[in-house]
Structures are given as C-alpha cells and as structure tokens.
2 protein chains.
Amino acid sequence: MTITKAEVVKRLLQSDNVLIITHKSPDGDTLGSAFALYNALKSLQKKARVECSDIFPQRFQYLMEGYEHQEFKPDYIVAVDVAAIQLFGSNLEHYAQDVDLCIDHHPSNELYAKDTYLVAKASATCEMMYDIICDMNIAITKQIADCLYTGLATDTGCFRFSNTTEKTHRTAADLFGFGANYEWINRILFETKSKSRVRMEQLALSSIEYYYSDYVALIAITQKMIEEANADESELDGVASIPRTIEGVEIGITMREKAEGGYKISIRTASKVDASQLCALFNGGGHKRAAGCFIDSDLKTTKRLLLDAIQSIIKTIE
Amino acid sequence: MTITKAEVVKRLLQSDNVLIITHKSPDGDTLGSAFALYNALKSLQKKARVECSDIFPQRFQYLMEGYEHQEFKPDYIVAVDVAAIQLFGSNLEHYAQDVDLCIDHHPSNELYAKDTYLVAKASATCEMMYDIICDMNIAITKQIADCLYTGLATDTGCFRFSNTTEKTHRTAADLFGFGANYEWINRILFETKSKSRVRMEQLALSSIEYYYSDYVALIAITQKMIEEANADESELDGVASIPRTIEGVEIGITMREKAEGGYKISIRTASKVDASQLCALFNGGGHKRAAGCFIDSDLKTTKRLLLDAIQSIIKTIE
C-alpha cells in the first residue's frame, strides 16, 4: 500500500526501535538517507541502527560520524532507496518480507513493503527524506545536512543529470543554510579518482574506435586491461558513459570482457536511436537512452554482431 | 566609485541606448549576463546591443536566440564580468575609458568604470544579474533564464566548485521555475567533448608519471601530442586539473610545450603545498591551490628543475 508523507511522519514518530535498511552495493543516496534518518530518530531519543548487506565504501565513511551501532529488537523496519527485494543482498534478505515502510523514489519500486512512500519525480530519496525530517519538526544538524546533500549530489551527478529539478536546487540551498560541508563533499565525490581508475580510463580511451562517419564510438575493455589497471567493478562503471559524450556521436558502446568469457555491452544513445530496442536484439533491455546486453562471443565477432545490427537500425531511421 | 544594486537598477531604467560589453575569450558567465541584460532592456523597448572583441564560441550560440544586432550611438556603456581594462581585447579597447557601469563579481576588479557594482561573494555575474533584472520588475522569460543559468553553471563547474553558495542554488531553482532548458544546456556544457579533446586526454593520461611515493603526479603535453590530437588551446585547458584529482596526490603538475619552445607549467595542490610559492621560484605566481609559471628549457631539464624544487619544499613541510 502506498501512503502519504503525513502518514510516514506519524509512523516514524510512533516507533521507538527502528531498523533502517539500505540496498546492497550502497551508494550515496541510500546511505545518505539512512544516516540522516538515523540521526533524526536519535535526536528524539529513539533507538535506531543502520544495516547493509555489503561493507560501506571508504569514501562514504563521513556519513557515519557519530554513529553508534546498537543491537536491539526492532519494532519498525524501514528500507530506504531499496526498489526491490533482490536489492537487500544475501545478508539481509531475511528481512525482506517484514519491511514495515519503504521510502523510495524509483518508479520501478515493487511495493514489497507493508507501506510504501514513493515520489517518482524526486531526484533522490534524500530529497524526500529532507521533507520528512522537516515535517517531523526535527532540527537539521550539520551532520544530517551532510548526509542529505550527499544523496542529492550523487544521484544527480552534482546537479547535472536530467532528474535535477527546481526542488532539488531548493533543497540543496536549504542544506547549505544548515551547514552542509559541500566544498569538502564535492571534492571527495566528484574530484577524486583512484590511480587505477585513471589508468583504466587511459587504456579504455586508447581502445576507442569510430564507425559510420563517427555516428558510433566504441570502447572495448578486455580482461587484460582490467588486470593491467588493477581496477575493480566500481572503477569500470564511469567508463561506460564516455563514448556517448563525444561530440556528434549518436551511439556510444562500451564492451567489457567478463572473467568467465563473453562481453557485457552498455549502449548509450544521444537522441535518435532507441538503445533498448538495439539491446533487445541480443536479449537485453533497459531505457531509450541507456541499455545493456550480454554477447557470449569473442572480441571480433561481438563487434561485428553489434555493428551489423546498428547498420540495419540506421537504415530504418534514414 | 562602487554603487549599490538600487543605483544600478535606477541607472539602467534611465538609459535608452545601451551598449553591453563582454570580456575577450568570452565564457558562459560574461555572455550569459550580457544577453540576459540585452533581453531585459529590449523588453522595455530600449535599444541595446552586445559587443565582444572575439568571436562567440559555437557552443554558446543558443544565448543569442532572438538577438538582433542594431547600430546606434550608445548613451550608456555597461561592461559585464570584465575585471580589468586589458580584458576588453584589441577590438574593444577604445571603449575602456568610457565605461559608465561595470557589473562584476571578481574581487580583483580594477574599478576602471565610472560606477562599479561588485559582489565578490557572488558565484557568477549572472547571479548578480538575476537580482538586478528582478529588481527592475522585468519578467524573467525562458530566454533570460537560459542565459542566467548558463553563467551560474559554467562559473561553478555545475555547482561543484567552492564558490557555489546557498544563493547560487536558490537562484538556479528560481531559473528552473522560469523554464530554463537546463537539461539540454547541461548536456551541451558538461557532457560533450570533441573528438580531439578525447584524444588529447588519452595522450595526456598516457604520459602520467608519479614521484615521491605518488605525492606528485605529472603530465607532460608535447607539441607532437597536440598536433597528433589536432587540439586547440581551449581543449588543453581542462587537462591541467587531471593530475591533482588523483587520490593521494598532493601536487599535480601539467607541463605544456609551447610552439616557440619551453614549457608552460600549471601546478595544482590539494591542501598542504602553496602552489604560488612553488611557482614563484620560477618567476610565476597565482593562488595557494592553483598557480603557474614558464620554464624555458627542454622536457628533461624542466622536469628535473620542478622535481628538485618540490623535494626541497617537501623537506620544509616535514
């Protein structure tokens, strides 16, 4: 059942022992909204703790400032930014059927919780959490402001992505007013790359190939490159967006060789080609501008399959 | 003489034939504030035109939508975002002594105009221009909102840099409300790189060297690389910030070989080393975190000179 913000506020104020759950492979928004809610509940002398199936990434440690992990039997379980049961992760999946409240902004939310508060047009769960905490009449401390700003900034690519709205900027302004340490947070989140990430980028860029008069740009990342850069999965994620950002390129392709063989394909398109339609040809899917699929073949064959498929799609557009 | 915003509003409302001047090598803030003011004055049936010593960059053409260049004898000359007379450029320097009003946010403004309205804590001149146009009681059209948003976004690196304030976000929120086409503008400004820029980045990254246990990262861009990438000056600018963004690096150095020989050096530091002090050793200067100098020598000697200087500075810190 979906409920209103007023009902969320009422239920949170009524609960005294709250378990807060984030999604697996935690990002700035799920962690930011979880620790903001933790601090808000603690300021009302309630018991609260945050759980995640995976280890918190090092760069988000500042969100945990002042956090004290406390064991207690929860009487209310809240999942934040968790769109589906499978996102609980193996260590927390036993909670999945018992979630009392889910607070989330993903349109795809599976409504698995007893109550769900969903605002699909919110740029981030943190944007919703700001309103909830304000309506609970809780003072926004610097620590809460840091948590909420982190979710806003990460989910919008620092106010660059199209999910940014008037409300996002107004919320950010309020959080600056409450003392969010945005200068430091922006530097950590948006201006720091690991040495292996930089090396990975260089290798990926050196593999760029252009096809069909630069209509297509293709990057192929092999296992050999990943080993050479000593890169992990999270360091590969940002690379997928590179080919599409090149001026004039309509279709950006990133191929990533899997350890067990075959290639994971990411397609990003600028404005004309439906990426999900293209990926559907290889049993993949996604959105119009970003989609993915898997092709279980070698480098040369995979490229040829993709380029042939694209050629036939270009023909239907022209 | 410095004047208040109320006086600026009064003077602009009193003027009927306004020449608006931008700085040379125009950026999003000088162009955004100029064309916002142009549109504001035109809505009051005044004559106005914008002049710049250099050609407007292609990617800012959208700011000129609806602009009609009109010749007339100006009775009021306004310079926007122009901090010093030398920034008028050779084609407009004849106006430098006759500027009636300068609207600017650079603390270094030389106060060369008859009247100057300076707000040093404003993130961009466009942030000031928004308040001025509002106080003139002029309706913010979509076109004005596009112009003002462009200046805000470019001068703050899309709300990432430390000059971003609460007011910046609040102004952006207002401009979204007035219909700014931010999704498209962000894509043009922040998610599009030329093919030569991408090639330049790859070549620059392939030259990275680390020294003193990764305390220093150094990129050396040679004329040969610039030719190979077919890159122009503006495509080289972004590269200077790369070495300092690498995790753990305190001193990021970018060396750029000049066509006439020698190396232009950009130094960025994270938090401990004073970049301007380091550059002063080579007759250069700048700020604590970003400075530059020129070393008239070959690649090997230039590197050695810089690294020796850094070694002695590191010793004084420890």
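Just so you know, these numbers come straight off a predicted model, no measurement behind them.

Calculation notes
- Residues numbered from 1 in each chain as written.
- Chains lettered and ligands numbered in written order.
- Predicted model: local features only at pLDDT ≥ 70, side-chain atom pairs only at ≥ 80, totals over all residues.
- Heavy atoms only, no water.
- Pairing = 2+ DSSP bridges.
- Helix = DSSP H or I, 4+ residues; strand = E, 2+ residues; numbered from the N terminus.
- Expected span 1.5 Å × (residues − 1).
- Buried < 20%, exposed > 50% of the residue type's maximum accessible area, 1.4 Å probe, protein only.
- Contact = heavy atoms within 4.5 Å.
- Polar contact = N/O pair within 3.5 Å; in protein donor to acceptor, adjacent residues only side chain to side chain.
- Domains from an automatic or database assignment.
- Buried area = accessible area lost by both parts, 1.4 Å probe.
- Salt bridge = Lys/Arg side-chain N within 4 Å of Asp/Glu carboxyl O.
- Nonpolar A, V, L, I, M, F, W, Y, C, P; charged D, E, K, R; others polar.
- 1 Å grid on protein atoms, 1.4 Å probe; cavity = no way out; pocket = protein on both sides within 12 Å on 5 of 7 lines; lining within 4 Å.
- Points joined across faces, edges and corners; volume = space filled by probe spheres on them.

**Observations regarding the sheet that holds strand β11 (residues 290–295) of chain A**
Paired through backbone hydrogen bonds, the strands of a sheet run either parallel or antiparallel to each other. Residues and elements named next belong to chain A. Spatial strand order, β6-β7-β8-β9-β11-β10: six strands in an open sheet with mixed pairing. Unpaired on one side and paired on the other, β6 (209–211) and β10 (285–286) mark the two borders of the sheet. Sheet analysis places strand β8 (residues 251–257) next to strand β9 (residues 263–269), joined by seven bridges and oriented antiparallel. When the sheet's bridge partners are listed, Ile253 is paired in β9 with Ile267.

**Some remarks on helix α5 (residues 166–177) of chain B**
A rise of 1.5 Å per residue sets the reference length of α5(B), with its twelve residues, at 16 Å; its end C-alpha atoms lie 17 Å apart and thus fit the reference within 8%. Every buried residue of α5(B) is accounted for by B:Thr168, B:His169, B:Thr171, B:Ala172, B:Ala173, B:Leu175 and B:Phe176. Considering only its buried residues, α5(B) is in contact with α5 (166–177) of chain A together with α3 (125–135), α4 (142–155) and α6 (182–190) of chain B. Where α5(B) starts, the residue carrying a side-chain oxygen 3.2 Å from the main-chain nitrogen of B:Lys167 turns out to be B:Thr165. B:Gly179 lies just past α5(B) and shows a positive phi near 95°.

**Notes on the domain arrangement of chain A**
Along its sequence, chain A is organised into domain 1 (5–190) and domain 2 (195–317). Relative placement of domain 1 of chain A and domain 2 of chain A: their C-alpha centres are 33 Å apart.

**With respect to the interface of chain A and chain B**
In this assembly, 38 residues from chain A lie in contact with 38 residues from chain B. Note on chain A versus chain B: buried area summed over both sides is about 3,600 Å², and carbon and sulfur give 57% of it. Three residues, A:Arg160, A:His169 and A:Glu191, lead the burial of chain A against chain B; their summed loss comes to 18% of the area buried on that side. The interface formed by chain A and chain B contains six salt bridges. Note that A:Asp214 is salt-bridged to B:Lys195, the shortest N-O span being 3.0 Å. In this assembly, chain A and chain B are joined by 15 residue pairs in polar contact (both at pLDDT 80 or more). Sorting the residues of the side of chain A that touches chain B by element identifies α5, α6 (182–190) and α7 (195–206) of chain A as the ones contributing at least two each. When residues of the side of chain A that touches chain B are assigned to their parent elements, the largest contribution, eight residues, is made by α5(A). Here the residues of the side of chain A that touches chain B are counted per class, giving 14 nonpolar, eleven polar and 13 charged.

**A look at unusual backbone geometry**
The phi angle at A:Gln45 is positive, at roughly 60°, despite the residue not being glycine. One non-glycine residue, B:Asn283, lies in the positive phi region at around 65°. Take B:Asn283: it is sitting in the loop between α10 (275–280) and β10 (285–286). Take B:Asn283: its relative accessible area is 77%, and that puts it in the exposed class.

**Quick look at empty space enclosed by the protein**
Residues and elements named next belong to chain B. A full pass over the atoms with the stated rule returns two cavities of 30 Å³ or more. Taken as a whole, the largest cavity encloses approximately 50 Å³ of empty space. Lining the largest cavity, in full, are Ile221, Leu236, Val239, Ala240, Thr254, Met255, Arg256, Lys264 and Ser266. Only β8 (251–257) and β9 (263–269) provide two or more residues apiece to the lining of the largest cavity. A class-by-class count of the residues in the lining of the largest cavity yields five nonpolar, two polar and two charged. The computed volume of the second largest cavity comes to approximately 30 Å³.

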